[in-house]
Amino acid sequence: MSVDNPPSDGSSATDYRDREGKNDSVTCDLKAVLSRLEKLISPLWPLADYVAVNPFVGMSDRRFLDARHLLVSVRQCDPLPGSDYLQSLLEKDAIPRRDFEAAYEECQEEYPDWFDEADRERLLRHVDEKSLGDPPGEFAERGFLTVAELVDRDQNTRWQSHITTEISRHCAAHFDRGQATWPSPWRGLPLYEAWLKRAGISKRLDSLGISGFRGLMGFLPTEPDRAIRSLLEMLGVPQEHWEGVLLSQLMSISGWAAFIRFQSWNSEETEAAAEDLVGLLAIRLTCDVALAKSSNLTNPAKALIREGAAVLAPRVVGACDSAYSPSLHVRVRYLVLKASEVHYRRRLLDRIDRRTVSRNAQNLRPLVQMVFCIDVRSEVFRRHLEEQNEAIVTSGFAGFFGIPLEFVRLGASWGAAHCPVLITPSITVQEGIRNASHERLAEVSSYRRRLRKARKAWKIFQTSAISCFSFVESLGLGYLPKLFTDSMGLTPPVGDPSLDGLTDEEKQLLGPDLDDEDTSLSTEARAGLAEKILRGLGMLENFAEVVVFCGHASKMVNNPYQAGYDCGACGGHSGEPNARAAAALLNDPAVRELLGDRGIAIPENTRFLAAVHCTTTDEVKFFDLQEVPETFVETVGKAQRWCEAAGEAARHERSGRMRNASDERLLYRARDWSEVRPEWGLAGNAAFIVGDRTHTLGEDLRGRTFLHDYDASRDPAGEVLEAIMTAPMVVTSWINLQYYASAADNRGYGSGSKVIHDVVGQFGILEGNGGDLMTGLPWQAVHDGSRFQHEPLRLLVVIEATREAVASVLTKHEGVRQLAENGWLSLVVREASGTFRRTASGEWRMLE
Amino acid sequence: MDLIISLVALAVPVLLLTAGLTPSAWADRHVPFMRGLASVVTLVSFICALAAAVMLVGTGAVDVRYAAVPGAPVLNFGVYFDSLAATMLLLITCIGIFIVRFSMRYLDGDGHQGQFLRWILFTLGSVLLLVVSRNLLQFTLAWIVTDFGLHQLLTHHAHRPWALWTARKRSLIAGLGDVLLVVALFASYMTFGSLDYTVVFEAAVAMQGTSLGKTALVGMIASLFVIAAMTKSAQFPFHSWLPDTMEAPTPVSALMHAGIINAGGFLVIRLSPMVVLSDAALGFLAINGALTALLGGVVMFTQTSVKRSLAFSTIAQMGFMMLQCGLGSFSAALLHIVAHSLYKAHAFLSSGSILTLAARMPPSQSRSFSWKASLGMSFLSTILAVAILSASLFLFGLRLDEKPGGWVLGLVLAMALSRLMSTAMETGYLRLSILGIGAAAGVAVLYLSLFEVMDTLLKETVSHQPVADSPFDITVSAVAMASFFLMFILTHFTQGFSHFWWMHRFYVHANNGFYLDIPLRRITARIYGQRAAVS
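The rules we used
Residues numbered from 1 in each chain as written. Chains lettered and ligands numbered in written order. Predicted model: local features only at pLDDT ≥ 70, side-chain atom pairs only at ≥ 80, totals over all residues. Helix = DSSP H or I, 4+ residues; strand = E, 2+ residues; numbered from the N terminus. Rg over C-alpha atoms; globule rule 2.2 N^0.38 Å. Contact = placed C-beta atoms within 7 Å. Pairing = 2+ DSSP bridges. Domains from an automatic or database assignment. Nonpolar A, V, L, I, M, F, W, Y, C, P; charged D, E, K, R; others polar. Axes fitted to C-alpha atoms, helices over the stretch in contact; angles between N-to-C directions. Core = buried A, V, L, I, M, F, W, Y, C linked by C-beta atoms within 7 Å. Buried ≥ 20, exposed ≤ 12 C-beta atoms within 10 Å, placed from the backbone. Parallel < 35°, antiparallel > 145°, perpendicular 65-115°, else oblique.

### Re the overall build of chain A
Helices and strands together make up the secondary structure of chain A, namely 34 helices and 17 strands. Here the C-alpha radius of gyration of chain A, 28 Å, is about what a compact globule of 848 residues would show, namely 29 Å. With the C-alpha coordinates of chain A rotated into their principal frame, the extents come out at 85 × 75 × 60 Å. Counted over contacts in chain A with a minimum sequence separation of 6, partners at least 24 positions apart contribute 74%.

As structure tokens, this is what we get:
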């Protein structure tokens, strides 16, 4: 298969050349290099909108092990699961031998050069002897080092930490969202220019021992790309190694690079942000050049570019070199990973195949149908809910229910995007109070504005360098009762402001208001959205009496990662406004009339409702019940009771996964301010099943599967399939790879231990005293102290459709094909004639 | 009765220390047991502290000697328990309960949770042993033991070089403090012929105002104690390790900032009869405290992470507390210790809520008023502040010149009230402005009532030597007042000055903590044989 430079990269390089034909070739090359480097960095969302991101997002055009090779050659990390974990798999005999044999065959398909017939016995013998082979030395796999690493290694110094912290300090001040009362004066400048200003003043690195650091700043050009060129020349890096050296520089500060990459992700200021990434690279280089000078390194480039790198030249980032071959240790580890994936796949498919439920149950009209998010946490709840009564059916759909909205809270001037980060919200929905007058809304809004200003003023009194002393002496004692109630979970440490200024009655009536003037959604547009939802769901006939859109949200206190537990399909927020908007649209008689014209007849006696499933407590809250007509009240009551019972059962199941937790204890976690594991989030996720729920009905999938409903017979053109494979499937793969990487190498891709986290700039996490910005999940989110709650497995996607239909989507969407064929996920198709696996070379192979 | 009170008070540290002696390896293997033990022990110790405090009411200080080394009566062991010790005992046991409870879930699954709880109990016990000590020797030993316990907690993540180096940096400072204490101990013995508080204090009180109290040796003793206290309470220039302790789990920060860092203040208040003998030592403490308060405050302004901001805030608060000590206002200092501990413990434990906190405020710092308009508001609110303060002083029948350090503390309070009202006015809402004035009046009344309570509480226990009569003391007060006034001006007009180049330079230096951490990094590197500064 092709591992060459992908067409997109190549063309962007030529683009630059065409556009700037007059410049000399050196500049052109550097620009192309920089734009390729940018693509390798995956974005990091700020904490308020934290969503899972595939840390290898820019690398899916490479095969998994090629990407690994590139990453380990520029940074101390390892995308393969740690030896300890893999060794424990071997020790436990968790995987039968036949799965190893099958896995070897798949390895052979993927990497024919590295897993040949001759090695087969040798590798399998390692498995039998439960030995992973000798691990390489600390820097053995590195092709490129930074000067700081080199000096630290040779002279037992701590320059990496000093330099990272200094850059971290600068970036934190530059991007601060309100932590510092006295902000940096250069926030308006590009990152690099601001650095030149700051570094020209700061005595820190000079006095720590990098003499001449401040002096260097005076010599540097103010454009980051020109600065990079002169800095590379100062280091004496030959042009063919620029790419590798620059990548190792950027990766040494990868957390901040990711945060800067986020700013150019969906925004209009893409150029400025892209320039900041180049700026960050220049900043990192200034430190290394200064260090090299002050350490009197002669010809530093020679030491930075290690022997192994020679085979990577000339274009590390573009192509993978065939001369590279992974060590035995790496191959055994890959084989074990692969075998654990094969093992999981076999067991899961066995479970599904065992089922012989016929589909005629569908023809009876269900009493209640509840639509849940595809999230793995829904699986547990859905299973228990379905067990309550046969009259209730559930289905899975992306939790924003097809409505990409920006939700503006009452009294706020802008809102949060409640949709997957891959798309931008198309409608703005204001929060309102049902049946409230305009005057009342305006009153609440202005009350909230006043309240916020009052809080701010009070905060200034609390913290100002002159008044903080009197504040403490007069009011500090008041924290004694606060400490008590917070410790007992009676009060949240900081109250949630979303219910400010409302009467108890109004709190119940608060919700998205589609009829607000600012939303200005025509009936036509509403019908369009409604139709999209129903077609996506395949819900075109046989409507239940009550259809509930059930979004989800988490509930916890004192946890900066809360957004990560909320609905990822809603951009790290609650699915509530989306569910309520969807229900409101479909209850609108005008919309229903238009839908009727388009061939979707929603019967009079069908009512749509919205609810939210709290993933922390498994409680379901229904909304807008006061508007439910009398005829539906009984059915809604039943649905509520079933949800209550299902919640109890789901809690009981989940408490088994929590150490020292009873079912009640689990409820308490939602208000415990000392809780580092309020719930397991999406830990354990391993598969994405696209198909008919009746085929998995009643099977205990252990909360490890994303479930999306799909009925190929209703989708002859394959449009719905295309939508599923390009959106939810990509998102689940992002989530899966984030958990995968955080479990596989928490130091490299996770965010370390939560107990020493420090929130920086109100947007990010630092671990301990500083260092780089943290990107992934904390150790506590994937491990319970005795074992991994998330076993690192790459996602298994099972689709119930024909091979042709799936293949045609793959052909059309290069990115999706790369995910499936380069080993970032494994794709399985279940059709009438059997179950088929997509191979690395793009063929289908039947699974027994 | 005295014996019973002393035994109940002693039970507190003894219980905690005994539980804290559980071997680490065993503790890690029996985490559920350790959790139960820690909960029970902290709760029981709080109840004991409460009982001892209640029994103390109306008795006056209790001083009981249990045993002594035969032939050397100076080496004895016992309990000295008065309202000061009782207050600290209650405060620290109370915070201990919250910290232990917080650590249950917070460190769940940590592998070394048993050990962690063990060292928390140990550290709590040793700091409380210090609180109830009856002589200087006991005090010094307890202090050394506390440092040891804290070192274990700071190196909980022993695999992180950063944690290790921070703990080492702190140990050096703490070790310096211990050496000073030991020297002071010998000097005290030579001067007073005893190490027992009661004997020493009596002698010291007798010396007050006589030429005996003005000897160089007495001055040296006071200075040694003062400097030792500064090393323990993160006073400039010994403060730089504190912001680097974020390598320790959050409950350790809470314990340290609420229960241990104020031990320096406790030292000065406890030994106040000796310390007040030297005007120079007190003046130095006051000026250095004011400097530390301003330094911490300015640096805190520029910090971008929650915990670091909190750390610099503690430095500032401890500076202010030391200023109060230096001015002789020991009651105010104790009030500060108690209130700050509770506030800071909560601030650390709730530091994960920062995003919710931010959501409760307006998204941007919008200033709707011109420079001149805010000047007018500041002026108006300053006048109002002075009026409110005068009225409340009148209400309480207090006079600033009657209380040690009264003028300085009064000025700081007035400036704080002014700040409160001017920020309320700057919101642009009349209603909030009026509310602000009401709040300022409330704060003033609350402040003075609490001060009165503390003053009554400490009437018997600390020295009430009036300080502000010599020209030297007036100078000290003047310098402190001037520096706070300068700070007042600066905080009011940061915005107005922000475009000046010197403010930019000042910003960068402040953001770097004025590089005051670097010497300690270098010294530590030198001592541990590293080639370059440690992190």
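### Points about the pairing of strand β3 (residues 405-408) of chain A
Residues and elements named next belong to chain A. Direction of pairing for β3 relative to strand β4 (residues 416-418): antiparallel, over a ladder of three bridges. Across the sheet, Glu-406 pairs through a bridge with Ala-417, a residue of β4. The pairing of β3 with strand β5 (residues 427-433) spans four bridges and is parallel. Its bridge partner being in β5, Val-408 is matched across the sheet by Gln-430.

### Quick notes on the domain arrangement of chain B
Interface size is commonly expressed as the accessible surface area that is lost when the partners come together. Residue and element names in this part refer to chain B. Taken domain by domain, chain B holds domain 1 (1-133), domain 2 (135-350) and domain 3 (368-484). One C-alpha centre belongs to domain 1, the other to domain 3, and the line joining them spans 37 Å. Tallied by class, residues from the side of domain 1 that touches domain 3 come to two nonpolar, three polar and one charged.

### Digging into the sheet that holds β4(A)
All names here are of chain A. Taken together, four strands build an open sheet; the order of strands is β4-β3-β5-β6 and the sheet is mixed. Each edge of the open sheet carries a strand with a single partner, namely β4 and β6 (510-513). Across the sheet, the axes of successive neighbouring strands diverge by a mean angle of 35°, strand direction being ignored.

### So, the environment of B:Gly111
You can see B:Gly111 is positioned in the loop between α4 (83-106) and α5 (113-132). For the pair formed by B:Gly111 and B:Arg29, sequence separation is 82 residues and the distance between their alpha carbons is 8.7 Å.

### Describing the interface of chain B and chain A
Listed per partner, the contact involves 95 residues of chain B and 83 residues of chain A. Tallied by class, residues from the side of chain B that touches chain A come to 51 nonpolar, 31 polar and 13 charged.

### A word on the nonpolar core
In this structure, B:Leu89, B:Phe225 and B:Leu417 are the most contacted members of the largest nonpolar core, which totals 449 residues. No other element matches the 15 residues that α4(B) contributes to this core.

### Digging into the packing of helix α14 (residues 306-326) of chain B against helix α15 (residues 330-349) of chain B
All names here are of chain B. Packing of α14 against α15 leaves a shortest axis separation of 8 Å and a crossing angle of 170°. Of the possible angle classes, the one that applies to α14 and α15 is roughly antiparallel. Residues Leu-310, Thr-314, Gln-317, Phe-320, Met-321, Gln-324 and Cys-325 of α14 form the contact with α15, whose participating residues are Phe-330, Ala-332, Ala-333, His-336, Ile-337, His-340, Lys-344, Ala-347 and Phe-348. When grouped by side-chain class, the residues that make up the contact of α14 with α15 number 10 nonpolar, five polar and one charged.

### A few points about the pairing of strand β9 (residues 619-622) of chain A
Within a regular strand, side chains alternate between the sheet's two faces. All names here are of chain A. The sheet contact formed by strand β8 (residues 607-614) and β9 spans four bridges and is antiparallel. Bridged to Cys-614 within β9 is Glu-619. Connecting the antiparallel pair β8 and β9 is a turn made up of four residues, with Asp-618 showing a positive phi of about 60°.

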